[in-house]
Amino acid sequence: MSNSNFEKVQKILREAANAHPEAYGGQPLWEFDIEKFLSAKLHGLPLIAPVPVKSCCGTNESTEGNSAGRGEQSNLIKGLRGKTPFDGSQFPPLPWGGNPVSAENIQLISDWIDSGCPVNVKTYEFEIEKPNTETEKKDLVFVFSHEIAGNEYPDESVTNYQYEAGELKQRMNIDCMSESQLENLRCAFRELYNLNKWPLDGRNYNNLALIHQNHCQHGWERFLPWHRIYLYEFEQALQDHCPGVTMPYWDWTMRQYKPEHPEKGWRIPKALQAYLTTKSLEFLSKHDIPTECLKEKGLVYDPSQKCYTTFATQTDFFAAVEKCIGKQYTQGNYRNRFIDALLAANALWYPLRYPGQYKNGGTINRVIHYHYPSAHDMEQIMSLQSFRDFGGGSLYNDSYGFIDQNPHNTMHIWTGGMNPEYEGDKNQNNIAPEAANRNKAVKVAGRKLHKLDDLYSQPEMGDMFSNLTAAYDPVFWPIHANIDRLWWEWQQQHPESVPADLDAVLTPWSYTIRDTLKIERFGYEYVKNTYLFPVGLEVPVGRFVSKMIDVSAIKSSGFTKAEVRLHRVPQLLRSCFIRVFLNLPDANASTPLDNPHYGGYLAVFGHGACYGGPGHCEPAPLRRREYDLRPRDHNTPRNYRLNVTKCAKRLLKPDTTTLQVTLVVIGADYQEDHELLRLKSVSLNFLD
């Protein structure tokens, strides 16, 4: 099978689909690189079957009771052949709405999968260290080097990659996410917005936001559990459209927000701010708006610079437009066209939001008598000992939890803000009397939320100002994700401190408070950011050396914890130690453990001699048979994690902004074992 057949496979799929991505569930498979192609899913089903995991008894194919090859087990082949579930019972045959693929070409694709899905550039590349002497010739070391292979996993698929075998999804710091990860998040939000055209569809954005208006819990112990479920349910709605998307969190105490003088900081994350793109210019020019100056003045995203010119407030944006092309283009229909362009460019931007803006240029502490939460505020809250103080009291011991007051209430008022362009009370020096009650400060009745006429309006307050309209603004979700993260961190310190009424039902769902106590049950964890390197189970790893990782953004913002994780390590034949080094690619068994680059070790218990018949020690298949209720198989691949915080902080000196992970496998004889370790991937994770 020629390496060039990947291009031939893509050509077959493209021609059958008539170049319409809808034929494969909206995925232009012919444009994907090999990693994205192999990880593609259709309604949650992987198109390409995983590589069979080998053990001392054979492969995991036998445990599935299926002798078919990897190609015939792949849903892509099943779909092209019209086999279940692509036989019309659940899905029509592939390509949907396209031309049938000939049996000969289907077999070609199946054979290509069976041969390991080769491409022109190898996914993995191994070196052999050259022996220095004749006596060393027998000790060739096989090294997995990402510096050579250059195949860091595409970051937009990290979450897909990490939980495809049952791992936790990761909610990341929104300011540490890559542009591709953010664009996937925007795409998922757009899909929910698109469903608003069907008002009775419970999956649309407006109806999901309406849940908060009608059912939100505040001021007592249900505040944290209820919002944990709300976030989970909303995240599930996003993942129905983009399976790899998770809800990021906004850490508002990071230095770029300048908590002591927040009006001088970013105000809200860059990812949620307003910006224009080149497509925006094309749209605006069609409406007689001059665009050359906008581009010349740097008001447009420049992909070559990998950065945005963003605006935290509309005031700043339209001031820049006025300076560039004149005030007439900031009013009336011209203003509305700019809002159209901004909405199209960033689905996380919202016009009815005035972050950090208050009447007559005032500040939040002078006009509203709140203050922006500082790192010291958060330290005080995290030091509380009882759930009643931290999260709120029970029905019989009512009280507001401190986290519900500041930061929660404050961040609503901060991001909602007051519209400086509001015509109703420009001459008033203070907050309008009706705004003293937050729920009366924002109009609700008669509004057609997320309709353009509503988004063009100039209300007195931003929607985040009131809990009745807050969830209509996308900034609501990262704020509450951070509240949930803070509760999760507090839970690690106080596992015994829980709400009083654990059996209370959290309407409108059927979850109880007891159900919410462990986020792992809902399949997610919080990390600041992750750098992941796929390895693959096909070949043993003698020594793993990652490519250099640029962690300048993480370093500048700080981190609380750094972890090296080994993912999906199968049952190994022999016991071993795995030593972890940072920024020491030449580490080996002789490297002393007091070396400053030494991060620690992991101990793996080996299988030992095989005593059973064929298949007895193979790992269980990732997808059990329907109604298979047996417990987890003892040979299920494990994950390992090692805290390397001290080592990472020790190495990240003022002139060092990169980290590199090296794994050295040490056998029972305290020598390197070059033919033992297999694992699916390695990752370096940072936590706040």
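Cut-offs applied
Residues numbered from 1 in each chain as written. Predicted model: local features only at pLDDT ≥ 70, side-chain atom pairs only at ≥ 80, totals over all residues. Heavy atoms only, no water. Helix = DSSP H or I, 4+ residues; strand = E, 2+ residues; numbered from the N terminus. Buried < 20%, exposed > 50% of the residue type's maximum accessible area, 1.4 Å probe, protein only. Contact = heavy atoms within 4.5 Å. Salt bridge = Lys/Arg side-chain N within 4 Å of Asp/Glu carboxyl O. Expected span 1.5 Å × (residues − 1). Bend = angle between axes of the 7 residues up to and from the residue. pLDDT = per-residue confidence, 0-100. Polar contact = N/O pair within 3.5 Å; in protein donor to acceptor, adjacent residues only side chain to side chain. Axes fitted to C-alpha atoms, helices over the stretch in contact; angles between N-to-C directions. Parallel < 35°, antiparallel > 145°, perpendicular 65-115°, else oblique. Left-handed = near helix turned anticlockwise from the far one by under 90°. Nonpolar A, V, L, I, M, F, W, Y, C, P; charged D, E, K, R; others polar. Patch = residues over 30% accessible without salt bridge, like charges linked within 9 Å, V, L, I, M, F, W, Y side chains within 5 Å. Areas by Shrake-Rupley, 256 points an atom, 1.4 Å probe, with all protein chains shown as cover. Disulfide = S-S within 2.5 Å. Pairing = 2+ DSSP bridges. Phe/Tyr/Trp six-rings, centres within 6.5 Å; stacked < 30°, edge-to-face > 60°. Lys NZ or Arg CZ within 6 Å of the ring centre and 35° of its normal. Core = buried A, V, L, I, M, F, W, Y, C linked by side-chain atoms within 4.5 Å.

### What to know about the overall build of the protein
Summing up its helical and strand segments, the protein has 23 helices and 18 strands in all. Out of the 688 residues belonging to the protein, those deemed buried represent 55%. Taking contacts inside the protein between residues at least 6 apart in sequence as the whole, the part at least 24 apart equals 74%.

### Quick look at the pattern of salt bridges
Where side chains of opposite charge bring their charged atoms close, a pairing between them can arise. In total, this model carries 26 salt bridges according to the counting rule given. Ionic pairing is found between Glu72 and Arg81, a salt bridge with its closest N-O pair at 3.0 Å. Of the residues examined, Arg81 reaches a relative accessible area of 30% and is grouped as partly exposed. With a closest N to O distance of 3.7 Å, Asp484 and Arg171 form a salt bridge. In this pair, Asp484 is assigned in helix H21 (residues 476-493) and Arg171 in strand S7 (residues 169-172), connecting sequence segments 313 residues apart. Taking relative accessible area as the criterion, Asp484 reaches 3% and is therefore assigned buried. Three or more residues are tied together by salt bridges with common partners; here these are Glu525, Lys561, Glu563, Arg565 and Arg641.

### Digging into helix H18 (residues 402-416)
Compared with the 21 Å implied by 1.5 Å per residue over 15 residues, the 21 Å span of H18 between its first and last C-alpha is a close match. Maximal helix bending in H18 amounts to about 25 degrees, located at His408. H18 sits mainly inside the fold: 13 of its 15 residues count as buried.

### Considerations on unusual backbone geometry
Put simply, Leu94 and Pro95 share a cis peptide bond, and its omega is -5 degrees. By the element assignment, Pro95 lies in the loop between helix H4 (75-81) and helix H5 (103-114). The backbone phi angle of Lys258 is positive, close to 45 degrees, even though this residue is not glycine. With respect to the secondary-structure elements, Lys258 resides in the loop between helix H10 (223-239) and helix H11 (278-285). For His450, which is not a glycine, the phi torsion comes out positive at approximately 65 degrees.

### So, the confidence of the model for the protein
Any region with low pLDDT has predicted coordinates that should not be read closely. Looking at the protein as a whole, its pLDDT mean stands at 85, while 86% of the residues score no less than 70. Confidence drops under pLDDT 50 across residues 120-156; counting only partners more than four residues distant or on other chains, this segment forms 84 contacts. In this model, residues 426-435 is a region of pLDDT below 50 whose contacts with residues beyond four sequence positions or in other chains number 23 contacts.

### Comments concerning the side chain of Asp454
With respect to the helices, strands and loops of the structure, Asp454 is situated in helix H20 (residues 452-456). Here the side chain of Asp454 touches Arg447 through a polar contact of 2.9 Å, side chain to side chain. Excluding residues that lie within four positions of it along the chain, Asp454 makes contacts with Leu352, Arg447, Lys448 and Leu449.

### Considering the packing of helix H13 (residues 314-325) against helix H14 (residues 332-345)
At their nearest, the axes of H13 and H14 sit 12 Å apart, and the two run at 120 degrees to each other. Taken together, H13 and H14 sit at an angle that is classed as oblique. Taken as a pair, H13 and H14 cross one another with a handedness that is right-handed. Touching Gln314, Phe317, Phe318, Val321 and Ile325 of H13 are Arg335, Phe338, Ile339 and Leu342, all from H14. Of the residues belonging to the contact of H13 with H14, the class tally is seven nonpolar, one polar and one charged.

### Looking at a nonpolar patch on the surface
A contiguous nonpolar surface patch, about 340 Å² in accessible area, is contributed by Phe577, Tyr601 and Tyr670. Along the chain, Tyr601 falls in strand S14 (residues 598-604). Under the relative-accessibility criterion, Tyr601 is labelled partly exposed at 47%.

### Concerning the state of the cysteines
One pass over the full model with this rule turns up one disulfide. What pairs with Cys293 in a disulfide is Cys324, and their sulfur atoms sit 2.1 Å apart. Between Cys293 and Cys324 the disulfide shows an S-S torsion of about -130 degrees. By sign, it is left-handed. Of this pair, Cys293 sits in helix H12 (residues 292-296) while Cys324 sits in helix H13, and the two are 31 residues apart along the sequence. Here Cys293 and Cys324 have matching classes, each one buried.

### As for the sheet that holds strand S9 (residues 529-534)
One open sheet holds the four strands; their spatial order is S9-S18-S12-S15, and the pairing between them is antiparallel. The sheet terminates laterally at S9 and strand S15 (638-643), the two strands that pair on one side only. In this sheet, adjacent strand axes meet at a mean angle of 15 degrees when their direction is disregarded. Strand direction decides the pairing type here: strand S12 (residues 561-569) and S15, joined by five bridges, are antiparallel. In the strand pairing of S15, Leu566 is matched with Tyr640.

### Notes on the packing of aromatic side chains
Applying the stated criterion across every chain yields a total of 41 aromatic pairs. On the numbers, 5.8 Å between centres and 80 degrees between planes, the contact of Tyr257 with Trp266 is edge-to-face. Exposure remark for Tyr257: the relative accessible area of 1% places this residue in the buried category. The exposure class assigned to Trp266 is partly exposed, which follows from its relative accessible area of 29%. Taken together, Phe189, Tyr193, Tyr205, Trp226, Tyr230, Phe234, Phe476, Trp477 and Trp509 form an aromatic cluster joined through their ring pairs. Arg171 extends its terminal NZ or CZ atom over the ring of Tyr524, reaching a point 3.6 Å from the ring centre.

### Re the nonpolar core
Core analysis: the biggest nonpolar cluster contains 88 residues, and Phe189, Phe234, Leu238, Trp250, Trp252, Phe390 and Trp477 have the highest contact counts within it. When residues in this core are grouped by element, the largest group, 10 residues, is from H10. Every residue in contact with Phe234, bar those within four places of it in the chain, is listed here: Phe189, Leu192, Tyr205, Leu208, Met247 and Trp477. Membership of the second largest hydrophobic core comes to 37 residues, among which are Ile554, Cys576, Val644 and Leu676.

### Observations concerning the packing of H18 against H21
Taken N-terminus to C-terminus, the directions of H18 and H21 make an angle of 165 degrees; their axes are 11 Å apart at the nearest point. What the angle tells us is that H18 and H21 run roughly antiparallel. Viewed along their axes, H18 and H21 form a crossing whose handedness is right-handed. Between H18 and H21, the contacting residues are Ile403, Pro407, His408, Met411, His412 and Thr415 on the first element and Phe476, Ile479, His480, Ile483 and Leu486 on the second.

### Side note on the environment of Asp288
With respect to the helices, strands and loops of the structure, Asp288 is situated in the loop between H11 and H12. Contact partners of Asp288, with chain neighbours within four places excluded, come to Tyr329 and Tyr334.

### Details of helix H9 (residues 205-215)
Buried within H9 we find Tyr205, Asn206, Leu208, Ala209, Ile211, His212 and Gln213. Regarding H9, its N-cap is Asn204, as a side-chain oxygen of that residue lies 3.1 Å from the backbone nitrogen of Asn206 further along.

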